[in-house]
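# Survey of secondary and tertiary structure
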Amino acid sequence: MQHIISAKQFNKEWLERLYALAKDSEGLNASYIGGRIMITLFYEASTRTRILFEAAMLRLGGRVISTENAGEFSSAIKGESIEDTMRVLSGGAADVIVFRHPEEGSAERAAAASDVPVINAGDGIGEHPTQALLDMYTLKKELGRTDNLHVCVAGDLLNGRTVHSLIELLPLGENVSISLASPEVLALPDKYRDKLVEKDVLGDETFCLEDALRLKPDVLYMTRVQKERMGSQALYDEVKDAFVFDEAMLSLLGSGTRIMHPLPRVNEIDPKVDSDPRATYIRQAHNGLPVRIALLRMLLTSGK
Ligand code: NCD
């Protein structure tokens, strides 16, 4: 596999390989990738994804060139195309490029112009495949399975790219059902919903968080309302607090339920929930490191 662009690329077998390699990468500090260079080319804000990719490369003994805010200080501001940037950076400077950009489909364009592997770290409202991989690894670690699962994805299903990737991977498990819970204006686009129907994994659909909790999912996957992708402040204000999980709602969940969130969280989970053992999001974020180490090992060392 040359590039990592979409969750559609993966099958069950490949995921099992990734889980094994991620497990092996927990706490790893080794020189597998001496001297190789990773460029993180980020045209959009990031904390976790960029830093964990960089930490992963450094843990492997590699080196990093980082361009946070690429849209503001790189040649993009002068009008350079994604293709020209990639042609230049992949011609000797980088061995792998981690790419985030506000336009859906941009990662695919970047990969097509690159001579080295490109990893999609988020293409607008499109996908965020490496987040979905760490989400799946989290399920495997926390619950010991990715089969026989009822997952409720909740929040901004319209713009939330982590959900768009996750719902590609979840149906690779057996007997999986995916329920959808969002404010009406942030419902999952038909192109994704139709696929869930096709794969026969679509569960309940609701515009009310409490109703979703009463379905007693095994996993509640909360997401942030993507303010930066909303048409207007007025629309954001209207929906921003529609889906807030608070302490009182814990009683509606089963005792073994996992509450996940890709982070950053704004208002949608009250910090009082954090001390409950079902709150999984910080452990989930920590899984981002071994999964990214595993991905770099796969791409740069043929899985060593
Ligand atoms: C997500 C993203 O960038 O899509 N963040 C992340 O990488 N964990 C989620 C978000 O920004 O809401």
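Above this note sits the structure.
Computed from a predicted structure; not experimentally measured.

This paragraph deals with unusual backbone geometry. Cis geometry is adopted by the peptide bond preceding P264, which originates at L263 and carries an omega value of 5°. Within the fold, P264 resides in the loop between β9 (258-260) and α11 (281-286). The backbone phi angle of N148 is positive, close to 50°, even though this residue is not glycine. One non-glycine residue, K216, lies in positive phi territory at about 50°. As for its placement among the helices and strands, K216 is situated in the loop between α9 (209-214) and β8 (219-222). Take K216: its relative accessible area is 46%, and that puts it in the partly exposed class.

The full set of residues close to the ligand is T49, R100, H128, Q131, R161, T162, R224, Q226, P262, L263 and P264. Take R161: an N or O atom from its side chain is 2.7 Å from an oxygen atom of the ligand. Between R224 and the ligand, the recorded distance is 2.8 Å, taken from a side-chain N or O atom to an oxygen atom. For the ligand, the cavity whose grid points lie within 2 Å of the majority of its atoms is the largest pocket.

We now examine the layout of surface pockets. Approximately 430 Å³ is the volume attributed to the largest pocket. Lining the largest pocket are 21 residues, and of these R100, R161, R224, L263 and P264 sit closest to its centre. Going through the elements one at a time, α2 (48-59) and α7 (161-169) are the ones with two or more residues in the lining of the largest pocket. Looking at side-chain class alone, the lining of the largest pocket contains four nonpolar, ten polar and seven charged residues. Volume-wise, the second largest pocket comes out at about 160 Å³. Taken together, I5, S6, K8, E104, G105, E108, N120, D123, G126, E127, K191 and Y192 make up the lining of the second largest pocket. Listing elements by their share of the lining of the second largest pocket, those giving two or more residues are β4 (118-123) and α8 (190-198). Of the residues belonging to the lining of the second largest pocket, the class tally is two nonpolar, four polar and six charged.

Another point: the nonpolar core. Counting residues in each nonpolar core, the largest one holds 54 residues, and the members touching the most others are L133, I178 and L296. Top contributing element to this core by residue count: helix α12 (residues 288-301), with eight residues. Judged by nonpolar contacts, the second largest core, of 20 residues, contains L220, I259, V273 and A279.

Here helix α6 (residues 129-143) crosses α7 at 55°, and the two axes come no closer than 8 Å. By the angle class used here, α6 and α7 are oblique. Note on packing geometry: the crossing formed by α6 with α7 is right-handed. For the pair formed by α6 and α7, the contact residues are P129, Q131, A132, L133, D135 and M136 on the first element and T162, S165, L166 and L169 on the second.

Quick look at the packing of α6 against α12 now. Interhelical geometry of α6 versus α12 gives an angle of 115° and a closest axis separation of 9 Å. Relative to α12, α6 is oriented so that their crossing is right-handed. Residues T130, Q131, L133, L134 and Y137 of α6 lie in contact with α12, whose contacting residues are G288, P290, V291, R292 and L295. Looking at the contact of α6 with α12 residue by residue, the class counts come to six nonpolar, three polar and one charged.

What follows is about the sheet that holds strand β5 (residues 149-154). In space, the five strands of this open sheet follow the order β7-β6-β5-β8-β9, with parallel pairing throughout. Two strands close off the open sheet at either side, each with one partner strand: β7 (202-206) and β9. Ignoring which end each strand starts from, the neighbouring axes of this sheet average 20° apart. Of the strands in this sheet, β5, β8 and β9 are in contact with α6, which crosses β9 at around 165°. Against the sheet, α8 makes contact with β6 (176-181) and β7, and its axis sits at roughly 135° relative to β7, the strand it touches most.

Cut-off values and rules
Residues numbered from 1 in each chain as written. Predicted model: local features only at pLDDT ≥ 70, side-chain atom pairs only at ≥ 80, totals over all residues. Heavy atoms only, no water. Helix = DSSP H or I, 4+ residues; strand = E, 2+ residues; numbered from the N terminus. Buried < 20%, exposed > 50% of the residue type's maximum accessible area, 1.4 Å probe, protein only. Near = heavy atom within 4 Å. Polar contact = N/O pair within 3.5 Å; in protein donor to acceptor, adjacent residues only side chain to side chain. 1 Å grid on protein atoms, 1.4 Å probe; cavity = no way out; pocket = protein on both sides within 12 Å on 5 of 7 lines; lining within 4 Å. Sits in = over half its atoms within 2 Å of the grid points. Points joined across faces, edges and corners; volume = space filled by probe spheres on them. Nonpolar A, V, L, I, M, F, W, Y, C, P; charged D, E, K, R; others polar. Core = buried A, V, L, I, M, F, W, Y, C linked by side-chain atoms within 4.5 Å. Axes fitted to C-alpha atoms, helices over the stretch in contact; angles between N-to-C directions. Parallel < 35°, antiparallel > 145°, perpendicular 65-115°, else oblique. Left-handed = near helix turned anticlockwise from the far one by under 90°. Contact = heavy atoms within 4.5 Å. Pairing = 2+ DSSP bridges.

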